[in-house]
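# Descriptive analysis of the structure
Each chain is listed here by its residues.
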Amino acid sequence: MVPGIYIHIPFCLSKCGYCDFYSVTSTEKISPFIKSLLKEMEMYHGCFSRFDTLYLGGGTPSLLDSAQIEEIIDGIRKHFPLSADTEVTIEANPGDLSREAAESLFKTGINRISIGIQSFDEHILSFLGRRHSSIDAISAIEHIRNAGFDNMGLDLIYGVLGQNMESWMNTLRKALSFRPEHLSCYQLTIEPSTPLGIQYRAGEIDPPDEDLLYDFFMRTSELLEASGYSHYEVSNFARGDECMSKHNRKYWDHTPYLGLGPAAHSFYGNRRWWNHRCVDRYIEEINKGIPPIEKSEILTREQLRLEALYLGLRTKMGIDMEEFSKQNGCDLLDEKGALLRTMEQEGLITITDNRLCPTRSGLLVSDSLPLL
Amino acid sequence: MKNTRNFSIIAHIDHGKSTLADRMIQYSGVVNDRNFKNQILDSMDIERERGITIKSQAITLPYRSKDGEDYILNLIDTPGHVDFSYEVSRSLASCEGVLLLIDAAQGVQAQTVANLYMAMEHDLEIIPVINKIDLPSADVDKVMEQIDSELGLDPYMSLPCSAKEGTGVEEIMEAIVRNIPPPKGDPAAELAATIFDAQYDSFRGTIIHCRVFEGTIRGGDIVRLMHDETTHKVEEVGAFLLPRQKKDSLSAGDVGYIIAGIKTVSDVQIGDTITLDKRPRKEPLPGFKESKPVVFASIYPIASDDYEELAVSLEKYKLNDASFVYQKDSSIALGQGFRCGFLGLLHLEIVQERLEREYDLSIILSVPSVRYRFTLNDGEVIYIDNPAYYPDPMSITTSEEPYIRAIMMFPERHMGAVMKLCKEKRGENSTLSYPSPGRIELIIEMPLADVIYDFYDRLKSVTQGYGSFDYDIIDYRQSNLVLLDILVNGDRVDALSQIVHRGSARERGLRACERLKEEIPKQMFKIAIQGAVGGEIISRTTISAYRKDVTAKCYGGDITRKRKLLEKQKKGKKRMKMVGSVAIPQSAFISILKSDNT
């Protein structure tokens, strides 16, 4: 249970219609932001003994130049002890990954890259409001490989309005042709506060059909598992266990993590806290010497148990019931035995060796499973 | 006495009864504007929300007339639903006149006519009031014509007003003084007062609302309740000012309250006559009826831990609702609970809602039932109001069910639709009359069970709201009855069982299945719902499983948000009852008695 660090880089050149992560489109605050970020690191100096993952997410971290990224990574090394085998990930937009950019990223010590491809279909890309083309995507992947990255993840989106199974399968097969170590396949979620959400509320767009989404999910899982990928979380696939995202797994098993930057969330023990979702406020508070925390919550035993249940049931590893009972003081088989057996008969979960695991179709209803 | 007027306001629903009462209260100055709130007489939230009056209320309005004299106007507000028609009749019996309120845009409606007839039965002076004249769609001339032709009243007696804007209120006050006769009676005679309501006060016990017809009552008197044959010492009498105002005595003609150390409202009966113990009256006042529950259902806590809390709450609730009766009960599917009796379906819904709101309980009601009578092989006669105790069919010699005489009034053009509905509800022995041109009065006998099963809603629907309805229970009649069971994924849910007429079993089974299909949300597995009589499955539906419910992204910032959503869903699920592995929402239990049209 070695903790991880997440850094939120809240800048984008343009906003995509579906995205509700916090970011601003003006880049003039980048340099004061980095200064504040370094000060925020200082605030936590000495609080943690060791980290083994560092994740630069956004926003669009690839907007930063390599000097800025180095400055951030140096700051981390200065204030926090990192394991020798630390997984250092950056999220990147294909449009930012020129040959030179890829090479200098590699030199900063980043050893894993997650590229926001989303689709190889131009229509889908333009519907999503992406600023890159599929040609950009292909050359970005080549530059990343040529620069020496041997741990590359591709992010894809499906269930986009107007997308049919053929278009999605083409994107998926194209992605597979690059043999990425990792694939994230997200079903498009219409978030209320996004441009897409506003269109949806106004009745301008319809959500895709539930049966079609079911088919997308099942076909994706079948194809990728047949191609040697492990479907280890609802939306994540790894080419072998060693290729799973070490950092993201911490979110799902209650490992502590420290989040730095605006809107970043942190978790430690039974406490979760998060920073202001506003880059100006973030900078302002830090300049005043105040931690830029918007809110924190102390989780009750019951809340921790609920989280452990729903996070665990999102993963292929599922829940070790003995461990769960130790951590949460609740014997699942005792309390919910009959229901769990029904779920098992329905083919939604498996119960073996004291382990509760969702099946492929179980993953698809994993928001309901913890409500049993 | 000559300066007292006792009156009530009667109206079709939404014609503005509570608003007019508000304006008159404000006009009289009995409450200052700062303390005033709308629908002042509808003190319960549920009354304000549903726009109906459930409890009677009375208020005394002091008024100086244009003739220079001071008057006491006692306004007795009445409930507005057939479940409470007995309470209405007692309130009207306490008045000398009524304001018959008619909406200027909607005109004469079913309840207007039904109310008029009730007022006429009590020989009351009737003052028609045309309300909402401020509406752009108001048509006062047309309403006056209806008052003449449909109600048979003098349209030139009618008073236009806008309760909303407060216009015409003074003229109404004057008309009450001028046209409604003062009460009669001899303050020196033997005491005779009728109880038209009783309310519970946690400090003083039961507050009896009464109208004195003869004699005088004072603090310290020993009174006798003639039907109950109990005696009580009067602690206080007074008038319904805001707040209550203590008086030395109440005499013939007065409307007021009596506090006599009576612990619960169940210790007094609406309609009972109060007299003095040492100088009693020979005969009670006419019109008394014992209030008997006609609809029965069981109440269970959703979480079985809440049983004790439910028991305490029912005891408290009962303090203020004498018509509500209950006793312990238990169900295989739903655990320990209580079997309860109600005046009708609306009463049942009100009790349910008040228990949930005022006592913060989550409860489930079983399917409502009437009380059946069975004669067994050994000659024993038993009454069953709970399908769980349906006797072994082999042991039954005769099955009987309660019948009612229904009185309906509606425009002639709906005749076909109403007759069809009554036939469907096994109506028999009908008689027709035409009280006024174009309007029909239909008297028909029907099984009560079919009436509680969505009859009133459907009558309103087929008559486009113009049908009024009232009923009396007449007798028990032989009937071919069977027990209809409902199985959810193979488990019999005893709280969903119903006793039904054999001829309707299939249709009712099908309806129940369809209703449950609408009410039970999709779950992760498919759910079979079956209706069965004896061992035979007579109806069946399936609720398909949902296949997709998952959030695509779940990282640092999503976890708290997602947990909060799950917590909310969990809370919602607490309002459902688990039967086997199926979560059944509260609404499902009563839904199977409701019509498609509501």
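Structural data are supplied above this passage.
We now turn to the structure provided with this report.

The rules we used
Residues numbered from 1 in each chain as written. Chains lettered and ligands numbered in written order. Predicted model: local features only at pLDDT ≥ 70, side-chain atom pairs only at ≥ 80, totals over all residues. Helix = DSSP H or I, 4+ residues; strand = E, 2+ residues; numbered from the N terminus. Buried ≥ 20, exposed ≤ 12 C-beta atoms within 10 Å, placed from the backbone. Contact = placed C-beta atoms within 7 Å. Nonpolar A, V, L, I, M, F, W, Y, C, P; charged D, E, K, R; others polar. Core = buried A, V, L, I, M, F, W, Y, C linked by C-beta atoms within 7 Å. Pairing = 2+ DSSP bridges. Axes fitted to C-alpha atoms, helices over the stretch in contact; angles between N-to-C directions. Parallel < 35°, antiparallel > 145°, perpendicular 65-115°, else oblique. Left-handed = near helix turned anticlockwise from the far one by under 90°. Right-handed = clockwise from strand over helix to strand, strands pointing away. Arc of directions from axis to C-beta.

### A look at the overall build of chain B
Tallying secondary structure elements over chain B gives 14 helices and 33 strands in all. Put simply, chain B has 598 residues, and 47% of those count as buried. Within chain B, counting contacts between residues at least 6 apart in sequence, those at least 24 apart form 70% of the total.

### Let's talk about the environment of Leu105(A)
Residue and element names in this part refer to chain A. Tracing the backbone through its elements, the reader meets Leu105 in helix α3 (residues 99–107). Linking Leu105 and Ala147, residues 42 residues apart in sequence, is a C-alpha distance of 8.6 Å. If we ignore the near neighbours within four places in the chain, the residues touching Leu105 are Ser66, Ile90 and Ile110.

### Describing the interface of chain B and chain A
Many descriptions give the size of an interface as the accessible area lost when the pieces come together. Taken together, the contacts link 23 residues of chain B with 37 residues of chain A. Looking at the side of chain B that touches chain A residue by residue, the classes come out as 8 nonpolar, 6 polar and 9 charged.

### Quick look at the nonpolar core
Ranked by internal contacts, the top residues of the largest apolar core, which has 159 residues, are Val98(B) and Leu100(B). Excluding its chain neighbours within four sequence positions, the residues that come into contact with Leu100(B) are Ile10(B), Thr112(B), Asn115(B), Leu116(B), Ala119(B), Ile126(B), Ile127(B), Pro128(B) and Val129(B). Ranked by size, the runner-up nonpolar core spans 99 residues in total, among them Leu54(A), Leu64(A), Tyr282(A) and Leu340(A).

### Notes on the environment of Leu82(A)
Residue and element names in this part refer to chain A. You can see Leu82 is positioned in strand β3 (residues 82–92). Under the C-beta neighbour-count criterion, Leu82 is labelled partly exposed, with 18 such atoms within 10 Å. Remark: the alpha-carbon pair of Leu82 and Leu54, spanning 28 residues in sequence, is separated by 8.8 Å. Not counting residues up to four positions away in its chain, the partners in contact with Leu82 are Phe51, Leu54, Ile76 and Arg77.

### What to know about the sheet that holds strand β1 (residues 4–11) of chain B
Residue and element names in this part refer to chain B. Taken together, 6 strands build an open sheet; the order of strands is β2-β3-β1-β4-β5-β6 and the sheet is mixed. The open sheet is flanked by β2 (57–64) and β6 (159–160), the only strands paired with a single partner. Where strand β5 (residues 125–131) meets β6, 2 bridges bridge the pair, whose relative direction is parallel. Each bridged residue has a counterpart across the sheet, and for Val129 the counterpart in β6 is Leu159.

### With respect to the sheet that holds strand β17 (residues 295–301) of chain B
Residues and elements named next belong to chain B. Strand order in the open sheet formed by 4 strands is β18-β19-β17-β20, with antiparallel pairing between adjacent strands. The two strands at the open ends of the sheet, each matched to only one other strand, are β18 (325–331) and β20 (363–365). Taken over all neighbouring pairs, the strand axes of this sheet differ in orientation by 30° on average, direction set aside. Inspection of the sheet shows β18 paired to strand β19 (residues 335–342) by 7 bridges, in the antiparallel sense. Looking at β19, one finds that Asp329 is bridged to Gly337.

### Some remarks on the packing of helix α9 (residues 415–424) of chain B against helix α11 (residues 455–462) of chain B
To describe two helices that pack against each other, one gives the angle between their axes and the distance between the axes. All names here are of chain B. The interhelical angle for the contact between α9 and α11, taken along N-to-C directions, is 160°, at an axis separation of 9 Å. In terms of their interaxial angle, α9 and α11 are classed as roughly antiparallel. You can see that α9 and α11 cross each other, and the crossing is right-handed. Taking contact as the criterion, the partners of Ala417, Val418 and Leu421 in α9 are, on α11, Arg458, Leu459 and Val462. Across the contact of α9 with α11, the residue classes break down as 5 nonpolar, no polar and 1 charged.

### Side note on the environment of Pro358(A)
Residues and elements named next belong to chain A. Along the polypeptide, Pro358 turns up in strand β15 (residues 355–358). For Pro358, a count of 25 C-beta atoms within 10 Å puts it in the buried group. Between the C-alpha atoms of Pro358 and Arg314, which are 44 residues apart in sequence, the distance is 7.5 Å. Excluding residues that lie within four positions of it along the chain, Pro358 makes contacts with Leu313, Gly318, Leu348, Ile349, Leu363, Ser366 and Leu369.

### Things to note about the pairing of strand β6 (residues 182–187) of chain A
Residue and element names in this part refer to chain A. Counting buried positions along β6 gives 5 out of 6 residues, so the element sits mostly inside the fold. This β-α-β element, strand β5 (residues 152–158) to helix α6 (residues 165–176) to β6, shows right-handed connectivity. Pairing of β6 with strand β8 (residues 236–238) involves 3 bridges; the strand directions are antiparallel. Within β8, the residue paired with Ser184 across the bridge is Asn236.

### Observations regarding the pairing of β1(B)
Remark: a regular strand shows side chains that alternate across the two faces of the sheet. Residue and element names in this part refer to chain B. Counting buried residues in β1 gives 7 out of 8 residues, a clear majority hidden from the surface. Pairing analysis gives 5 bridges linking β1 to strand β3 (residues 70–77), with the strands arranged parallel. Counted as the bridge partner of Arg5 is Leu73 from β3. Pairing of β1 with strand β4 (residues 97–103), which is carried by 5 bridges, proceeds in the parallel orientation. Among the inter-strand pairings, Phe7 is bridged to a residue of β4, identified as Gly97.

### Remarks on α11(B)
All names here are of chain B. Those residues of α11 not exposed but buried are Phe455, Tyr456, Arg458 and Leu459. Buried residues along α11 cover an arc of 165° about the axis, so they all sit on one side. Against β23 (396–411), α9, α10 (448–452) and β26 (468–478) lie the buried residues of α11. Immediately downstream of α11, the backbone of Gln464 shows phi near 50°, a positive value.

### So, the packing of helix α11 (residues 301–312) of chain A against helix α12 (residues 321–328) of chain A
Residues and elements named next belong to chain A. Between α11 and α12, whose axes approach to 10 Å, the crossing angle comes to 160°. Looking at the two axes, α11 sits roughly antiparallel to α12. Regarding α11 and α12, the two cross each other, and that crossing is right-handed. From α11, Arg301, Leu304, Arg305 and Ala308 reach across to α12, where they touch Phe324, Gln327 and Asn328. In terms of residue class, the contact of α11 with α12 is built from 3 nonpolar, 2 polar and 2 charged.

### Some details on unusual backbone geometry
Residue Gly59(A) is reached from Gly58(A) by a cis peptide bond, and omega for that bond is 20°. By the element assignment, Gly59(A) lies in the loop between β2 (51–58) and α2 (66–79). One non-glycine residue with positive phi stands out, namely Asn354(A), at about 60°. Unusually for a residue other than glycine, Lys132(B) sits at a positive phi of about 65°. On the secondary structure map, Lys132(B) appears in the loop between β5 and α5 (140–149). Judged by the 26 C-beta atoms lying within 10 Å of it, Lys132(B) is buried.

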